[in-house]
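# Breakdown of the fold
Chain residues, written in single-letter form:
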Amino acid sequence: KLLYDQTDRVKALHTAMHRADIEATRAEQIEFKHRAKEREAAREALWVEQQKDMLRKMDAEEDAKDAEDLARRMEERRLREVQVALKHAEYADKLAEIQKEGE
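Presented here is a report on the structure given in the accompanying data block. Predicted model, so just to flag it, every value in this text is computed and none were measured.

### Details of the pattern of salt bridges
Scanning the model with the defined rule gives eight salt bridges in all. Across the pair R56 and D53 runs a salt bridge whose closest N-O atoms are separated by 2.3 Å. Residue R56 and its partner D53 are both found in helix 1 (residues 2-102); the two are separated by three residues, about one turn of the helix. Given a relative accessible area of 47%, R56 falls into the partly exposed group. Salt-bridge contacts for E76 lead to R72; the nearest nitrogen and oxygen are separated by 3.3 Å. With E76 and R72 both in helix 1, this residue pair falls four residues apart, about one helical turn.

Quick look at the structure:
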């Protein structure tokens, strides 16, 4: 009977030790999974920030290009207006010359 009790105690001890090992392993697995989720969330946040930075840069480049295009169009318009004014002046001079000849 004493051997039987000792055997049951040893078995209970081994069972408890095994259960404790399993619980410790499971706790480690849960902690690992939690850290993996945190890393994934950090990676996702970094990716989102990189995408936002890229979009801001692209918007800035597009705005700069639009400003350059506007400046170019305004300069072309100014040059056309100068050319038109010169043509009007030439025409007015010719018209005045023709009128002087006609008198």
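### As for a negative patch on the surface
Among the surface-exposed residues, D59, E62, D63 and D66 lie close enough to one another that they form a single negatively charged patch. Relative to the helices and strands, D66 is located in helix 1.

Calculation rules
Residues numbered from 1 in each chain as written. Predicted model: local features only at pLDDT ≥ 70, side-chain atom pairs only at ≥ 80, totals over all residues. Heavy atoms only, no water. Salt bridge = Lys/Arg side-chain N within 4 Å of Asp/Glu carboxyl O. Helix = DSSP H or I, 4+ residues; strand = E, 2+ residues; numbered from the N terminus. Buried < 20%, exposed > 50% of the residue type's maximum accessible area, 1.4 Å probe, protein only. Patch = residues over 30% accessible without salt bridge, like charges linked within 9 Å, V, L, I, M, F, W, Y side chains within 5 Å. Areas by Shrake-Rupley, 256 points an atom, 1.4 Å probe, with all protein chains shown as cover. Lys, Arg positive; Asp, Glu negative; His and termini not counted. Charge placed at Lys NZ, Arg CZ, Asp CG, Glu CD.

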